Each structure stands twice: as structure tokens, then as C-alpha cells.
Amino acid sequence: YNWVKFWGSQHHPTDWTARFFKLSFPGIRVSVYNLHQEGEIFSNFVCQTVPGAKNFCDALRRGEGEPAPSMNPTVPFEHDILAAAAHAAGLITTKAPVPKREYVRKKFLDAFPDVPSRPGMKYHCLAEDVLEKLLATSIQYEKTVYVKYFSPPQEAEERTRFFKDLELEQRNSFEEYIREKKFCNWDVDYILEHDLEIRNWFKNLK
């Protein structure tokens, strides 16, 4: 969403990055790796992208070695935004030095591990028309990237069916994101005003 808002919808962020490297380093070979394909992300990446890694790839396929590291992890910032709002509202009165954001986040998560489930929780979400435009742009992005960097079917009927299935999958994922409020932020002002337990927690933070 922020990419479309601030950079425009002409190029998918992946396409923009690939174009940037090609322009910056003439002659460089750029490959785009599909994070959304079937299979385990790390194993797919090693087997498809890393040169000369056949033995490593075979070991991963056999399930040998340590568990694969998390690839492309999601890091929520809602707790940080809430803490910043609490500080701005004068609720955090800890004497200098002011506690670091990472410290406050960890302490808050220990005290309130599931804020969205609290009674009366409110959010700021994208408007319906903005969501519709975002979905349309996302679908066009995805098709452009697949045509340019991957190998969709060439036979007309099969190609049409492939992109219809791709769009359906994308629409379903988008609806799931809406249900999970991925396009929303906590209404931190409301929380600090109406959730007295959280408000008092910030007041007593040490």
C-alpha cells in the first residue's frame, strides 16, 4: 500500500528493484525468486538460486541439519506505535533515561500478549474504495511480474486458465488479509483513553 501511495503503481516493487540493479550494473544477471511457490522457502531458495549447492540442496530435501531459518518474517510495529502515543500523552513518566522502544515492546508483550482480542478493540482501516484500487493494482502487478520474470504457460487456453487461477488465489489472500485486519492499525488514542488496564500499565512502567 505504501509503495503505491508514495511511489506510484507503474512498477511492482520487485520489478523496480530488478530494473534498478540492471541499470546500475550493466550486464548483471538478475533472477527473481518466488516466495509464494509451493514447498519450504529456504530449501527452495537454496535449490533454485544458490550456484553449486546440489549437495546442500539434497541434504535439505532429506530433512538433514538444523531447522531452516525464518525467511521474510513479519515484524509488527503496533506495540511501538502504542508506546510512542503513550509517551506523547505523558503516560510514561519513567525518569531519564527514557526506556528504549525494544524494552517497552518486550515488557508490553509479556503483559498483554493478545491486544486485538481485548473487549472494545478499535482500528483505523483503509476505506473500501482504497482497498478495491489496491487489489486491482496488486493483481496487475502480479501478472506483470509473472510474465516478465517467470515462465507462465504459452498455449492460449492454458495461459488464460493459469492467470485466472492466479488472480483467484490473490483475491482469496486479499480477503484473508482484510479479515485479519492486515490493512488496519490499532486506534492507539482510543486504547489509551478507554482501556484503563493498558493506560495504568504505561503509567507504572519501570
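All of the points below concern the structure found in this document. What you see is a predicted model, and the numbers here were worked out from it, not measured in a lab.

**Structural notes on the overall build of the protein**
- Looking only at helices and strands, the protein features 10 helices and 2 strands.
- Ordered by position in the sequence, the α and β elements of the protein form the string α-α-α-α-α-α-β-α-α-β-α-α.
- Relative to the 2.2 N^0.38 estimate, which gives 17 Å for 206 residues, the radius of gyration of the protein is 22 Å and therefore markedly larger than a compact globule would have.
- Along the first, second and third principal axes, the C-alpha atoms of the protein reach 65 × 45 × 35 Å.

**Focus on unusual backbone geometry**
- The phi torsion at K181 lies on the positive side, around 60°, for a residue other than glycine.
- Mapping K181 onto the fold places it in the loop between α8 (156-179) and β2 (184-186).

**Notes on the packing of aromatic side chains**
- According to the stated counting rule, one finds 15 aromatic pairs in the structure shown.
- Look at Y177 and F183: their rings are 6.1 Å apart centre to centre, the planes differ by 50°, and that puts the pair in the tilted class.
- Through successive ring pairs, a cluster of aromatic residues spans W16, F20, F21 and F25.
- Just above the ring of Y123 sits the side chain of K181; from NZ or CZ to the centre is 5.0 Å.
- Stacked on the ring of Y177, the Lys or Arg K182 has its end atom at 4.6 Å from the ring centre.

**Focus on the nonpolar core**
- The biggest cluster of nonpolar side chains holds 19 residues, and the ones touching the most others in it are L82, F108, W186, L192, I198 and F202.
- Those elements that place two or more of their residues in this core are α5 (78-88), α6 (101-111), α9 (188-194) and α10 (196-203).
- If you tally residues by element for this core, the top one is α5, at 4 residues.
- Beyond its immediate chain neighbours, meaning those up to four positions away, F202 contacts L82, A83, A86, L91, I92, V104, F108 and L192.
- Listed in part, the 6 residues of the second largest apolar core include L131, L134, I139 and F183.

Criteria and thresholds
- Residues numbered from 1 in each chain as written.
- Predicted model: local features only at pLDDT ≥ 70, side-chain atom pairs only at ≥ 80, totals over all residues.
- Heavy atoms only, no water.
- Helix = DSSP H or I, 4+ residues; strand = E, 2+ residues; numbered from the N terminus.
- Rg over C-alpha atoms; globule rule 2.2 N^0.38 Å.
- Phe/Tyr/Trp six-rings, centres within 6.5 Å; stacked < 30°, edge-to-face > 60°.
- Lys NZ or Arg CZ within 6 Å of the ring centre and 35° of its normal.
- Core = buried A, V, L, I, M, F, W, Y, C linked by side-chain atoms within 4.5 Å.
- Buried < 20%, exposed > 50% of the residue type's maximum accessible area, 1.4 Å probe, protein only.
- Contact = heavy atoms within 4.5 Å.

All quantities given are derived from atomic positions and should not be read as evidence of function.
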